[in-house]
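Descriptive analysis of the structure
Next come the chains, spelled out residue by residue.
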Amino acid sequence: MSDAGARADGLFAGADGALRCSWCEATPAYQHYHDHEWGFPVTDERRLFEKLCLEGFQAGLSWLTILNKRENFRAGFANFEAEKVVRFGDADVKRLLADAGIVRHRGKIESTINNAKRVLELREEFGSLAAYAWRFEPSPSSRPKQVTLAELRTFTTSAESIAMSKDLKKRGWSFVGPTTVYAFMQAMGLVNDHIEGCGARDAALAARKALTLPR
């Protein structure tokens with residue numbers, strides 16, 4: 001496939017010759033994230049909570065902006081260990097608002113602290129955030145037979161992301177709208193939206209096939 005043809009299909013050929021989804025073209029770090037994280041199934045509690053929080057911070061910004069600040073976010077929010085974040089108080093909010101290394105948005109900072117409390121509540125009911133989140137994995141029959149650029153442009157939410165968003169909000173979570181939740185699902189492997197022909201697509205599918213769902 002020529003480079004021009006690949007771009008028309010939502011893919012690009014990297015310096016190593018591999019085809020990747022075109023959204024990650026900007027930087028090597030973005031390509032590494034695409035190749036090794038995005039769309040690969042995650043059951044780790046810390047990573048799931050972190051991603052829900054960072055997707056909330058992303059609203060109105062690009063994911064690359066957040067990715068470039070991710071280590072600063074981790075440092076500021078106790079590595080997104082919910083048990084530690086729940087203990088944050090006014091002094092921590094003030095500290096984070098003064099931290100130029102993150103997105104300084106009071107509402108989103110306070111939301112992260114609130115949502116840490118909600119994580120602990122979910123664990124009481126479901127055993128883990130992972131067990132809760134993976135309940136909303138779409139049925140394969142509801143997914144497109146081929147993930148193309150045209151298909152992806154229609155997928156900013158799904159029935160499952162809408163349902164999960166509504167349920168989280170009912171449980172007191174904030175900054176978890178349907179689009180935010182769908183982006184979370186894409187990144188954490190609940191859906192595989194690597195475009196057909198992307199070199200990472202089959203690896204992500206294989207990882208999902210090998211996954212034992214949390215209970």
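As annotated in an unreviewed UniProt entry, the chain carries the name DNA-3-methyladenine glycosylase I and comes from Variovorax guangxiensis.

Right, let's talk about the environment of Ile 109 for a bit. Looking at the secondary structure, you find Ile 109 in helix α8 (residues 106-126). Looking at Ile 109, the relative accessible area reads 0%, which means it is buried. Along the backbone, Ile 109 and Leu 97 are twelve residues apart, and their C-alpha atoms lie at a distance of 8.1 Å. When residues no more than four places from it in sequence are discounted, the contact partners of Ile 109 are Phe 57, Phe 77, Val 93, Leu 96, Leu 97 and Ile 102.

This part is about the UniProt feature "binding site: Zn(2+)" (unreviewed entry) in the chain. Here, UniProt's "binding site: Zn(2+)" (unreviewed entry) annotation points to Cys 21, His 34, His 194 and Cys 198. Across 178 residues of sequence, these annotated residues stay compact in space, with a maximum C-alpha separation of 10.2 Å. The subset of these annotated residues that lines the largest pocket comprises Cys 21. Inspection of the secondary structure puts Cys 21 in strand β2 (residues 19-21). Setting aside anything within four residues of it in sequence, one finds Cys 21 in contact with Gly 10, Leu 11, Phe 12, His 34, His 194, Ile 195 and Cys 198. Classification of His 34 by relative accessible area gives buried; the value is 0%. Look past the residues within four positions of His 34 in its chain and what remains in contact with it is Arg 20, Cys 21, Trp 23, Cys 24, Phe 40, His 194, Cys 198 and Ala 200.

Here we come to the side chain of Ser 111. Tracing the sequence through the fold places Ser 111 in helix α8. Owing to a relative accessible area of 5%, Ser 111 belongs among the buried residues under this scheme. Within the structure, the side chain of Ser 111 is placed 2.7 Å from the side chain of Ser 174, a separation counted as a polar contact. If sequence neighbours within four positions are ignored, Ser 111 has contacts with Ser 174 and Phe 175.

On inspection of all chains with the given rule, the structure shows twelve aromatic pairs. Measuring from centroid to centroid gives 4.8 Å for Trp 23 and Trp 38, while their planes differ by 65°, and the two rings are edge-to-face. In this pair, Trp 23 sits in the loop between β2 and α2 (28-36) while Trp 38 sits in the loop between α2 and α3 (45-58), placing the two residues 15 residues apart along the sequence. Residue Trp 23 is classed as partly exposed on the basis of its relative accessible area of 30%. Owing to a relative accessible area of 9%, Trp 38 belongs among the buried residues under this scheme. Ring plane angle 20° and centroid distance 6.3 Å describe the contact between Phe 77 and Phe 88, whose orientation is recorded as stacked.

Quick look at the layout of surface pockets now. In this model, the largest pocket occupies a volume close to 620 Å³. Lining the largest pocket are 24 residues, with Trp 23, Trp 38, Gln 58, Ala 183 and Gln 186 sitting closest to its centre. Elements with a minimum of two residues in the lining of the largest pocket: α2, α3, α10 (149-152) and α12 (178-187). Among the elements that make up the lining of the largest pocket, the one with the highest residue count is α12 (six residues). Along the lines of polarity and charge, the residues of the lining of the largest pocket split into 14 nonpolar, seven polar and three charged. Looking at the second largest pocket, it is lined by 19 residues, and the ones nearest its centre are Pro 140, Arg 143, Val 191, Asn 192 and Leu 205. A breakdown of the residues in the lining of the second largest pocket according to their chemical character gives nine nonpolar, four polar and six charged.

Cut-offs and rules
Residues numbered from 1 in each chain as written. Predicted model: local features only at pLDDT ≥ 70, side-chain atom pairs only at ≥ 80, totals over all residues. Heavy atoms only, no water. Helix = DSSP H or I, 4+ residues; strand = E, 2+ residues; numbered from the N terminus. Buried < 20%, exposed > 50% of the residue type's maximum accessible area, 1.4 Å probe, protein only. Contact = heavy atoms within 4.5 Å. UniProt positions renumbered as here; feature names shortened; annotations may be inferred. 1 Å grid on protein atoms, 1.4 Å probe; cavity = no way out; pocket = protein on both sides within 12 Å on 5 of 7 lines; lining within 4 Å. Polar contact = N/O pair within 3.5 Å; in protein donor to acceptor, adjacent residues only side chain to side chain. Phe/Tyr/Trp six-rings, centres within 6.5 Å; stacked < 30°, edge-to-face > 60°. Points joined across faces, edges and corners; volume = space filled by probe spheres on them. Nonpolar A, V, L, I, M, F, W, Y, C, P; charged D, E, K, R; others polar.

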